[in-house]
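Analysis of the macromolecular model
The residues making up each chain are set out below.
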Amino acid sequence: MVPPGSPDALVRSVAESIALRTTGRRQPSGALESVVELVEADEADMAVDHLARVIDHYRIPILQTEYDRLVSAATQLDSLDSITGIRIDRLIIE
C-alpha cells in the first residue's frame, strides 16, 4: 500500500482529480491515464514531468490544492524544476 503523502499517491491523486474534473470535455484523458501508468511503474519523477507538460500543453486549469500536491510530490522527488520551468502556476484557478 502506498502512503497517502508519498509522491506516488500525490501525483496519482492530482492526475485523477484533473481527469474527473474534465470528464466530458475535450481533454487529454489518455495522457492523464499515462501519468497514472508511470506512477504504477514506479516512475513518479517522470510522472510529475509528464503531468506538468500535459497541463501546460492542453492549458488545463489546475486548482490550488492540485498544484500544492504536485509541488509537494515534486519537492520530495527533487523534481521541482519540472513544474517551475514550465510555469504551470499561471494556470491555477480558485
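Quick note: structure is the one above.
Heads up: these notes are all about the structure in this document. For clarity, every value in this text was computed on a predicted model and none was experimentally measured. (Residues numbered from 1 in each chain as written. Predicted model: local features only at pLDDT ≥ 70, side-chain atom pairs only at ≥ 80, totals over all residues. Heavy atoms only, no water.)

**A word on unusual backbone geometry**
Phi is positive for D42, which is not a glycine, with a value near 65 degrees. Tracing the backbone shows D42 in the loop between α2 (29-40) and α3 (44-58). Positive phi is not limited to glycine here, since R87 has a value of about 65 degrees. Residue placement: R87 occurs in the loop between α5 (81-84) and β2 (92-93). Of the residues examined, R87 reaches a relative accessible area of 45% and is grouped as partly exposed. (Helix = DSSP H or I, 4+ residues; strand = E, 2+ residues; numbered from the N terminus. Buried < 20%, exposed > 50% of the residue type's maximum accessible area, 1.4 Å probe, protein only.)

**Some points on the pattern of salt bridges**
A complete count under the given rule lists seven salt bridges for this structure. Put simply, R53 and D49 hold a salt bridge, and the shortest N to O gap is 3.0 Å. Here the residue R53 and the residue D49 both occupy positions in helix α3, the gap between them amounting to four residues, near one helical turn. Among the residues examined, D49 registers a relative accessible area of 24% and is labelled partly exposed. Close ionic contact of D56 with R59 constitutes a salt bridge, the shortest N to O distance being 2.8 Å. (Salt bridge = Lys/Arg side-chain N within 4 Å of Asp/Glu carboxyl O.)

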